[in-house]
Amino acid sequence: MSEPLTNAGRPLLKLAGITKTFGPITANEDVTFDLEPGEIHALVGENGAGKTTLMRVLYGMYQPDAGTIHVDGEQVEFRKPSDSIRYGIGMVHQHFMLVPTFTVAENITLGAEPGRAGLFDRKAADEAIRKPMSRLGVDLAPNTITGTLNVATQQKIEITKVLYRGARIIILDEPTAVLTPQETDELFVLLRKLADDGSSIIFISHKLREVFAVADRITVLRDGRTVSTSATAATDPKQVVAAMTGRGDVNLGRVHRDAAVADVVLRAEGISTAKHRHDAALDGVSFTVRSGEIVGIAGVEGNGQSVLAEALIGTVPLTAGTVNLGGREITGLGVADRRTLGLSYVPEDRHLEGIPINGSVLEGLSAGRLRSRRSWRSWGRAFPKAMRAWGSELIERYSIKTPGYDARCSTLSGGNQQKIVIARELEENPSCLILAQPTRGVDLGAIDFLYGRIAEATARGCAVLLISADLDEILRLSDRVLVMYRGRVAAEARTSETSREQLGMHMMGAKVTETAA
Amino acid sequence: MEWLDAFLASGIRFTTPILLAALGCLATSWTKDLNVGLEGAMLFGAFFGVVMGLTTGSGLAAVLLTVLLGMVAGASFGYVITVLRVNVFVAGIVLNVFGSGATVYLLRSLFGVKGTLSDDRIPTIGKITIPVVNDIPIVGGVLSGHTVLTYLSWVLVVLTLLAARHTVLVRHMKAAGEHPAALATAGGNVTRVRILAQAWCFGLCALAGMQLSMGQLSMFTEGMTSGLGFVALAAVIFSRGRVLLLALMSLGFGLSSSVAVQINEEIMPPQFAQMIPYVVALVGLVVLARTSRDGAARIATPAMES
Amino acid sequence: MSTSTTAGPGRRGILRRSGARGPGRATTRLASAGFTLIVGLAMAVLLIQMQGFEPFSTLAAGVQYAVGDPTSIARTIAWGLPLYVAAIGVAIAFRSGMFNIGAEGQIYAGAMASALAGAYLGPMFTGAHLALCILAAAAAGAGLAGALGWLRAAWGVDEVLSTLLSNYIVILFCAYLATGPLRDPSRQSGTTREVVDTARFAEILPRTGLTGVVFLVVALCALGWWLSEKSVIGYRWRMTGESPAFADAAGIDVKGSRIASMVASGALCGIAGAVLVTASQGRFWTEIGSGIGWDAVLVALIGRARPVATLVWVTIYCVMRAAARGVEQVSTVPSELSLILISAIIIAAAARAGVFGQFAAFRHRFLRTKGR
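Predicted, not measured: the structure shown is a model, and the values here were computed from it. (Residues numbered from 1 in each chain as written. Chains lettered and ligands numbered in written order. Predicted model: local features only at pLDDT ≥ 70, side-chain atom pairs only at ≥ 80, totals over all residues.)

**Let's talk about the overall build of chain C**
- Looking only at helices and strands, one finds 13 helices and two strands in chain C.
- Here chain C has a C-alpha radius of gyration of 23 Å; the compact-globule value for 372 residues is 21 Å, and the two agree.
- Classification of the 372 residues of chain C by burial places 56% in the buried group.
- Within chain C, contacts between residues at least 6 apart in sequence are counted, and of these 77% link residues at least 24 apart. (Helix = DSSP H or I, 4+ residues; strand = E, 2+ residues; numbered from the N terminus. Rg over C-alpha atoms; globule rule 2.2 N^0.38 Å. Buried ≥ 20, exposed ≤ 12 C-beta atoms within 10 Å, placed from the backbone. Contact = placed C-beta atoms within 7 Å.)

So, in structure tokens, the structure goes:
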């Protein structure tokens, strides 16, 4: 642990000995963190390392069990967000805190509306938000409905909101998760400009490349404790990964696979859908996935990838086009029939679609096995002893950390929940596996494990369609990449022949004709 | 023409309790804590209006005290569903059962009567007769000769409409419903706003109840709301947070109730006539589900987990 | 999920119930039940005291009236039989996420159907006639609930509001039949003709009102429990209720499950109506249901739609109701006491976690401030 020597006297912000427990779980233990004026200080750590808890303590959303917070040398106590807002702290949350049906002006001023006697003065609001908006280079009519804007713009609205409230300390929680590489670079330029103007920035991330690109100092948290704080120039990614995971052997490069690419298993031809929820409609998407092959689908979220997964498994109806699985057309079939024919699906929203969040582990594991129980057999017992034994064996084989097969799914960590999903889907021995955001919210150890299982499946001849917002994941796993933009396939390339920058260009919709498939 | 006159006049009268309850419920639909206990709250309002009326002997005092009582009850209800985290659907259903049980209990233990309490000393809420307008056919029946509460309900429509556009409070209610975390992180108080919405809802339900027990009649009968609260709930669901549409819906339900009363028994059995508002609401619900873009509105039912 | 505690083929004995659903939960559940009962008791004591009676002796008299001797126990249970069936029915629908609060209307529809089958068909062999009455009732209830279930599953028509409104429509329609075309001409009030003797259950204990229907009720409760908690069908229904998106993605027929559970629920509520007619009333009259459907909804809510918990709460509720009637006989406390108590109990049960949480937070804050 290297304590930096500050030359600017006392720091702007100092957290010392912060401890926060939730029942038996210790989220933060004796955490120390400080922030200099005009500095970008990155806070890194795996999922569940306690980054978000620490920031919520700082933002007054949680009260710490022990420890002190000093702002400008003054000891403070934050009981609610408005307390920390008063001390010039602002937070840009990972999930935007914007009301979709409100206008931009309404959202920015929410909680500090200009006007008298409880009346909302729209003119004054439009006037008041102009300056922070121009500081960020946002050019929008104040009465634009927020929900219609793209994520990068919404994020800027979030930052505007923080500036409008006069924040000197800006916390950004995983701000790049929803951005393209180019948008990320733009954000970094903006952050640097804000820091040069005197704002101090806490940048929370688990993506090391970004941390090294933008931060002045890096603090690593692991299992709720501070592991190290060091100047960016004085450390390197390898050291930071070791600090994050506590291990020296984490592979961040390409995943090794022995799989022979053979016949086409999944073939989509000109498939289109209606617009679904927040995602774009599919518009004539065609592609194939071969046995033993992993095809990655990249793209900024909301360009049709989620709908694509749902259309393939059959929860969203097609308006045009056909889907073939192993030479059989499955276009008109329901989910159950598609699954019986060898299609498997790891859904993107684990809590909603992947597992019965309030059900038991066994209930989550056994969906596939119980599906085949039809007609009078479905009056029989769902979980006889043989089924429970099978569940226990699966728990062991996939090293799912749970007190037992009847534990509630919601009590498990994200990685273990995802193992339930993967176990269930792979146990069906599918000929084609659709993976939607398979490692979102999963810690690095579990990611290694999941990748290993996916590699094994392809070695058995399984065709895999990998939909991910994480370009690194796609580059590490897939043989080919398709980039989706506004419901179409904008580009296709072999992973070995493309680069993150090139994919990023396509994700933004740049027209490049020579990469036509 | 006399028939039409009577029909419209009674239609307006029937609209009042529905409109008042629906305006109250509207606030709870903004905060996404749709109160399904309107029926029970109205029944309490009707009962306590009569009790306060008999105690104070003054209609005005009865109205003010009962509304105050209603708002306190609403705040407690809000406390239970926010801080104590009781599902609002469960609480609402219980409120209905509680309302029908407790009013009978109180009626029997306070007054020793079963069924109906009628007393000459129950003050009525004043009716306003507008001098010239009253004599115009049809228009007179619509505009004149109603209780103060009827006029108040339409004033409240206008006020709610203005409040929805121009006040910070309604903004916060909508934010608390749509994205509570956004309001909380911006320094707003989500719990307070949700409690306020319930207090407002109960206050207006108290008015709606008193319109029944002291406006249209001057007596209290067991279960005298007879489903009006649910009709108001349907109006709120149909209007999807829009005030003018809500007023229109309430008026529609009021008029269809009026049909039930005005229609001759020889044309249609009384039970069928009484069914009209419910059938209208049910058909409306189906039509809404078929026509709205993002599916029909759902009442926030609890997850049945342990 | 009941399981044997022996470790089967699972190595290192992982084939056992985890602590999460074992004793820890049982303690919480007991604490919860204790808390709610204490709230109910305190409420009862308070209300009786306010009427100017000595609470404990009055309550004791009420309890004596409800369960004091075998005859009164039989009477209490006999009153509760339709409620057992209806509550299981409502619980089944709740468990699959269908908030069937139209139980009252379905009970009326079932009662009307069985009263008509009992009065206009037959006389015939008793068993067959009774079966016919019950099937007619089940069909009426199932048809009604199934139709609303279909509207929800296929068109997304909110079932809470549609079942709610259906109550009024069905009850008014039955009232029309009983006062109009199907009225018993020999009677003044709105009732249908009395059912033929072969469509009535025989009393098994004289002068208690407890009839052979009790066996049917036990069988139906057992069936409802098996269906909802043990069978594969129940698994599909529960997944549909708890996590519809999961069920959909896993290939469970969500629409089918929703409709089927509503059909089962409606059938049971309809049978509850038939029980009213064939085991006690002998005919349909305009207020035959007297709020049993609403009671069933409340009880299923406190039982969190678990069949066993629901049945336990039905029993408690029946005793409370009978006791309230007993209290009314020895004092001026109205028997609506039971409705007030059950409301308090539900809110207490639902708020328990919140109340304990508030208490813990308060204590935490108190200790912290003291520590400084």
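**Regarding the overall build of chain B**
- In terms of regular secondary structure, chain B is built from twelve helices and four strands.
- In terms of overall dimensions, chain B is globule-like: its C-alpha atoms have a radius of gyration of 19 Å, near the 19 Å expected for 306 residues.
- On the principal axes, the C-alpha backbone points of chain B span a range of 60 × 50 × 40 Å.
- Of all 306 residues assigned to chain B, the portion counted as buried reaches 56%.

**Let's talk about unusual backbone geometry**
- Even without being a glycine, Asp72 of chain A presents a positive backbone phi close to 55°.
- By secondary structure assignment, the location of Asp72 of chain A is in the loop between strand S4 (66–71) and strand S5 (74–76).
- Positive phi is not limited to glycine here, since Ser226 of chain B has a value of about 35°.
- Turning to its location among the elements, Ser226 of chain B is positioned in the loop between strand S4 (219–221) and helix H10 (228–239).

**Some points on the sheet that holds S4 of chain A**
Residues and elements named next belong to chain A.
- In space, the four strands of this open sheet follow the order S2-S1-S4-S5, with antiparallel pairing throughout. Edge positions in the open sheet fall to strand S2 (25–35) and S5, since each of these has one partner strand only. Within the sheet, the average angular offset between the axes of one strand and its neighbour, ignoring direction, is 30°.
- Bridging between S4 and S5 involves three bridges; their strand directions are antiparallel. Bridging across to S5, Ile69 finds its partner in Val76.
- Across the sheet, helix H1 (residues 51–58) touches strand S1 (13–22), S2 and S4, and the angle it forms with S2 is around 65°. (Pairing = 2+ DSSP bridges. Axes fitted to C-alpha atoms, helices over the stretch in contact; angles between N-to-C directions.)

**Here's the deal with the packing of helix H6 (residues 148–166) of chain B against helix H11 (residues 243–262) of chain B**
All names here are of chain B.
- Between H6 and H11, the shortest axis-to-axis distance is 9 Å and the interhelical angle comes to 155°. Classified by the angle their axes make, H6 and H11 are roughly antiparallel. Counted together, Val157, Thr160, Leu161 and Ala164 of H6 and Val243, Leu244 and Ala247 of H11 form the full contact between these two elements.
- For the contact of H6 with H11, the residue count by class is six nonpolar, one polar and no charged. (Parallel < 35°, antiparallel > 145°, perpendicular 65-115°, else oblique. Nonpolar A, V, L, I, M, F, W, Y, C, P; charged D, E, K, R; others polar.)

**Regarding the interface of chain A and chain C**
- Across the boundary between the two partners, chain A contributes 41 residues, which contact 30 residues of chain C.
- Looking at the side of chain A that touches chain C, the element that brings in the most residues is helix H14 (residues 385–397) of chain A, giving seven residues.
- Considering only residue class, the side of chain A that touches chain C consists of 18 nonpolar, eleven polar and twelve charged.

**Let's talk about the sheet that holds strand S17 (residues 432–436) of chain A**
Residues and elements named next belong to chain A.
- Spatial ordering of the open sheet is given by S16-S17-S18-S13-S19-S20, a layout of six strands whose pairing is mixed. Unpaired on one side and paired on the other, strand S16 (343–346) and strand S20 (488–494) mark the two borders of the sheet. Each strand of the sheet is rotated relative to its neighbour by a mean of 20°, with strand direction disregarded.
- Here five bridges tie S17 to strand S18 (residues 463–467), and the two strands are oriented parallel to one another. In the sheet register, Cys432 faces S18, and the bridge partner there is Ala463.
- Here helix H9 (residues 305–313) sits on the sheet and contacts strand S13 (294–298), S16, S17, S18 and strand S19 (480–485); the angle it forms with S17, its principal contact strand, is near 150°.
- Against the sheet, helix H18 (residues 500–507) engages S13, S19 and S20, with an angle of about 30° to S19.

**Overview of the pairing of strand S11 (residues 264–272) of chain A**
Residue and element names in this part refer to chain A.
- Direction of pairing for S11 relative to strand S12 (residues 285–290): antiparallel, over a ladder of five bridges. Across the sheet, residue Arg267 finds its bridge partner in S12, namely Thr288.
- Bridge count between S11 and strand S14 (residues 320–325): five bridges; the pairing is antiparallel. In the sheet register, Leu266 faces S14, and the bridge partner there is Leu325.

**Description of the interface of chain B and chain C**
- Contact with chain B, which involves 45 residues of that partner, is made by 44 residues of chain C.
- Contributions of two or more residues to the side of chain B that touches chain C are made by helix H4 (88–111), H10 and helix H12 (270–291) of chain B.
- Each residue belonging to the side of chain B that touches chain C can be placed in one class, and the counts come to 31 nonpolar, nine polar and five charged.

**Quick word on the packing of helix H4 (residues 103–120) of chain C against helix H10 (residues 254–281) of chain C**
Residue and element names in this part refer to chain C.
- Two numbers describe how H4 lies on H10: the axes approach to 7 Å, and their chain directions differ by 50°. The pairing of H4 with H10 is recorded here as oblique in orientation. H10 is crossed by H4, and the crossing has right-handed handedness. The residues of H10 that touch H4, namely those facing Ala103, Gln106, Ile107, Tyr108, Ala109, Gly110, Ala111, Ala113, Ser114, Ala115 and Gly118, are Gly266, Cys269, Gly270, Ile271, Ala272, Gly273, Ala274, Leu276, Val277 and Thr278.
- Taken together, the residues of the contact of H4 with H10 break down into 13 nonpolar, eight polar and no charged. (Left-handed = near helix turned anticlockwise from the far one by under 90°.)

**Re the environment of Gly441 of chain A**
Residues and elements named next belong to chain A.
- As for its position among the elements, Gly441 is in the loop between S17 and helix H16 (444–459).
- Of the residues examined, Gly441 has 15 C-beta atoms within 10 Å and is grouped as partly exposed.
- Considering only alpha carbons, one finds Gly441 and Arg350, 91 residues apart in sequence, at a separation of 9.6 Å.
- Once you skip the residues sitting within four places of it in the chain, Gly441 turns out to touch Asn47 and Gly414.

**Regarding the environment of Leu503 of chain A**
- Along the chain, Leu503 of chain A turns up in helix H18.
- Among the residues examined, Leu503 of chain A registers 24 C-beta atoms within 10 Å and is labelled buried.

**Concerning the pairing of S14 of chain A**
Residues and elements named next belong to chain A.
- Relative to strand S15 (residues 328–329), S14 runs antiparallel, the two being bridged by two bridges. By the bridge assignment for S15, Leu325 is matched with Arg328.
- A loop of two residues connects S14 with S15, the two strands running antiparallel in sequence, and Gly326 in this loop sits at a positive phi of about 55°.

**Let's talk about H10 of chain B**
- For H10 of chain B, which comprises twelve residues, the first-to-last C-alpha distance of 17 Å matches the rise-based estimate of 16 Å (1.5 Å per residue) to within 8%.
- Of all twelve residues in H10 of chain B, twelve are buried; the element is thus mostly enclosed.
- What H10 of chain B keeps buried is the set Leu228, Gly229, Phe230, Val231, Ala232, Leu233, Ala234, Ala235, Val236, Ile237, Phe238 and Ser239 of chain B.
- Against helix H1 (2–30), helix H2 (38–56), H11 and H12 of chain B together with helix H6 (159–179) of chain C lie the buried residues of H10 of chain B.
- Where H10 of chain B terminates, the next one or two residues include Arg240 of chain B, which has phi positive at roughly 50°. (Expected span 1.5 Å × (residues − 1).)

**Topic: the confidence of the model for chain C**
Residue and element names in this part refer to chain C.
- The share of residues in chain C with pLDDT of 70 or more is 91%, and the mean pLDDT across the chain is 85.
- In the predicted structure, residues 1–23 sits below a pLDDT of 50 and forms 42 contacts with residues beyond four places in sequence or in another chain.
- Reported for the predicted complex are a pTM of 0.86 and an ipTM of 0.85. (pLDDT = per-residue confidence, 0-100.)

**Regarding H12 of chain B**
- The first and last C-alpha atoms of H12 of chain B sit 32 Å apart over 22 residues, in line with the 32 Å expected at 1.5 Å per residue.
- The sharpest bend along H12 of chain B reaches about 40° and sits at Ile276 of chain B, with the proline Pro277 of chain B one to four residues further on.
- Every buried residue of H12 of chain B is listed here: Gln271, Ala273, Gln274, Met275, Ile276, Pro277, Tyr278, Val280, Ala281, Leu282, Leu285 and Leu288 of chain B.
- Tucked into the core, H12 of chain B has its buried residues touching H10 and H11 of chain B together with H6 of chain C. (Bend = angle between axes of the 7 residues up to and from the residue.)

**Quick look at the confidence of the model for chain B**
- Looking at chain B as a whole, its pLDDT mean stands at 88, while 95% of the residues score no less than 70.
- Highest mean pLDDT in chain B belongs to helix H3 (residues 59–82) of chain B (95); lowest belongs to helix H5 (residues 139–143) of chain B (78).

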